Structures are given as C-alpha cells and as structure tokens.
Amino acid sequence: MAIIEVENLVKRYGDHTAVDGVGFAVEQGEIFGILGPNGAGKTTTVECVEGLRTPDGGTIRVCGIDPQHDTGELRQLLGAQLQESDLPDKLKVGEALELYSSFYREPADWRDLVDILRLTGKLDTQFRRLSGGQKQRLSIALALVGNPRVAVLDELTTGLDPQARRDTWDLIEDIRERGVTILLVTHFMAEAERLCDRLAVIDSGRLVALDTPAGLVARVDDRQRVRFRPSAPLDHAVLTALPEVTSVERAGSQLVVTGTGNLLLAVTTVLARQQVVAADLRVEQTSLDDAFVALTGRPIDA
Ligand SMILES: Nc1ncnc2c1ncn2[C@@H]1O[C@H](COP(=O)(O)OP(=O)(O)OP(=O)(O)O)[C@@H](O)[C@H]1O
C-alpha cells in the first residue's frame, strides 16, 4: 500500500519552476530516497509533502491525507527532522524531548529513543554544547518522538564524519525495522546505495528515473570488468570463447576481461583449468555514480 503518493507536483518560486511534474509513490515500510544535485528541487518536494509549502500543481497524499488541508492530522502521522537553527541554544536535550513529545497524541517513550540514539548521558546538556553528531541524533529523536508512521529526513548525514555517518545509517535501518516508513533526501551516493530500497533521481526539478539502486545501475550498463595479472602467458581465445565474455584487453601486465552474467566465476574457472593464477584480481562494476552521470549527463557534485 502506498503511504505517500505524489502526482505531477509543480512548485514555482516567481518565474523559476523548482519542481516540474514530479511523481512517485512510497510503499509502507520503505526507505525511499530522493537523490539529486544541489538545487534539483529535493527539499522543495519534501517540504510540499510535509505541508510546509503550497504546491502550484499536482496532488499529494500522506496516509490518504492532503497535507494542505489537514495539517493537524498530518503532524500526528509525519515526523520531520529539524534544521539545526530550529532549537534554542540553551534548551537541554531532555527538555527538548519532553517539549516535543507534548505536541503528540500518542508520543513514543522518549527514554527509549534516547537509548537507541545514544544520548542517555546528554539529557542535561544544552543544545549548543552538543557535537555535530549528537545534534544530528537529537534531531532524529525529535522527528520520531511523535511515533510517526512516516519520517522525512533531509540531508541526514551532511557534516558528519565517516564513522558518525555509518552509525547514523545503522540507526535509520533500526528505525525502519520498527515499522517507520522513511523518505530520505540525499546527495550522497553511498548513502543512497546503502540505505534506500528505491530512489527517485531528480535533476532540475524533473524526475529523471525511479528504481532500486541496482535497477538504476543495470539500466545504464550491466557490464562488469575482471582485472588481473596472469601468472603465465594466456591465450586470449580461451577467455573470448566464454559466452559471458565480450572483450579481453591487455593493459600493461594486466588483462581486463569485460562481460556480463557470472563473469568472475567463468573467468576463474577457465584460469584454474589452464593452471594460471590471477594475481591482484579485481572486479569492477558500474556504480551508482556512473548511472547518475549516464542519467543526467553530469556527476552529482558538478
Ligand atoms: N524560498 C525560495 N525562494 C526562491 N527560490 C527558492 C526557494 N527555495 C528554493 N529555491 C530554489 O529552488 C530550486 C530548488 O531548491 P531546493 O532547495 O528544493 O533544491 P535541493 O535539491 O533541495 O537542493 P540542496 O541540495 O542544495 O538543498 C533552487 O534553484 C533554489 O535556489
């Protein structure tokens, strides 16, 4: 069942069309990503879903509710991550959680969230004294304190160090396990690839593609490359004869075998039969970055 439905969404700022006919449906329990470069229209799209902006065209439903017309009910169903500037500097972590849980009919037990988000020792700490990662975790806790069915997380890990980023990804997976549907805005490929079940790729306000991360990659190119240094001379014909192989090239002391299907198994089986050892063996596949370039004509950070 679709929990978020967006059809033909249009949003203009003056004569600039920031979102131009975007549509997607998010299923219950999904982590659904909106991926695109800066200025693509991602935040505008989710702010329309959150009822914070009024669309110029199209329809949006969240659990069947129109965000423009039933804002009060939407607030009970949808948790949004706060921007850092939204909390007063001197508010303590415990006070923020208590305050935010008072806004909801059936709040979660915020002590549970504090445990999961590893903020237990910080309840008496003022917001301004938290590290970047702790602020981020608090903003996630505040998005979840109302026991929402849907959480909207915008640029979740921007500004975090690699370890804090990985910890946050683990956390988001835990939250999904608890039954929360997640709409995630990101311009990090690794984040999209690791977390999202499906991705809407947005560029210049338009939906360019909608698929699983693997589906996006496969759309563009399902070829793989196996690269290795053979321990002894090898007749290329034994490799080109394989149905999985499309080409064999020499690159210095290395052989680069391009093909599809279970290429690695096919190549290593032949090498074993020929009693050739493959040193420095590497398998290279099309990445989500490659797929993004093919879909939009440029890298995400260009
Ligand atoms: N309040 C506003 N008034 C005028 N233009 C705006 C406003 N908010 C966003 N825009 C413009 O609309 C376009 C889309 O912005 P939006 O913030 O939705 O993109 P984004 O994909 O979320 O980008 P980023 O990753 O940089 O946040 C951009 O060109 C932006 O400059």
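A brief look at the structure comes next.

About the criteria used
- Residues numbered from 1 in each chain as written.
- Predicted model: local features only at pLDDT ≥ 70, side-chain atom pairs only at ≥ 80, totals over all residues.
- Buried ≥ 20, exposed ≤ 12 C-beta atoms within 10 Å, placed from the backbone.
- Helix = DSSP H or I, 4+ residues; strand = E, 2+ residues; numbered from the N terminus.
- Arc of directions from axis to C-beta.
- Contact = placed C-beta atoms within 7 Å.
- Pairing = 2+ DSSP bridges.
- Axes fitted to C-alpha atoms, helices over the stretch in contact; angles between N-to-C directions.
- Near = placed C-beta within 6 Å.
- Nonpolar A, V, L, I, M, F, W, Y, C, P; charged D, E, K, R; others polar.
- Core = buried A, V, L, I, M, F, W, Y, C linked by C-beta atoms within 7 Å.

Further remarks concern helix H8 (residues 213–220). Among the residues making up H8, those that are buried are Pro213, Leu216 and Val217. The buried residues of H8 all sit within an arc of 95° when viewed along its axis, so they share a single face. Contacts from the buried residues of H8 go to helix H7 (189–195), strand S8 (198–203), strand S9 (206–211) and helix H11 (288–296).

On to the sheet that holds strand S4 (residues 57–62). If you walk across this open sheet you meet the three strands as S2-S1-S4, and the pairing is antiparallel. Here the strands that pair on one side only, and so sit at the sheet edges, are strand S2 (16–27) and S4. Adjacent strand axes in the sheet meet at a mean angle of 15°, parallel and antiparallel pairs treated alike. Across five bridges, strand S1 (residues 2–13) lies against S4 in antiparallel orientation. Note that in S4 the partner of Glu5 across the bridge is Arg61. Relative to the sheet, helix H1 (residues 42–49) contacts S1, S2 and S4, its axis offset from that of S1 by approximately 120°.

Taken in spatial order, the four strands of this open sheet run S11-S12-S10-S13, and their pairing is antiparallel. Only two strands of the sheet have a single neighbouring strand rather than two, namely strand S11 (245–251) and strand S13 (278–285). Adjacent strand axes in the sheet meet at a mean angle of 20° when their direction is disregarded. Note: strand S10 (residues 224–230) against S13, six bridges, orientation antiparallel. The residue bridging Arg225 from the neighbouring strand is Glu284, located in S13.

Our next topic: the site of the ligand. Near the ligand you find Tyr13, Ala18, Gly36, Asn38, Gly39, Ala40, Gly41, Lys42, Thr43, Thr44 and His187, and these make up its full shell. If one sorts the elements of the shell around the ligand by residue count, H1 sits on top with three residues. Each residue belonging to the shell around the ligand can be placed in one class, and the counts come to three nonpolar, seven polar and one charged.

Further remarks concern the nonpolar core. One finds Val49, Ala141, Ala151, Val152, Ile182, Leu183 and Leu184 to be the most contacted residues of the largest nonpolar core, which totals 67 residues. Looking at this core, the element that brings in the most residues is helix H5 (residues 132–144), giving six residues. Of all hydrophobic cores here, the second largest spans 10 residues; its members include Val245, Val257, Val267 and Ala278.

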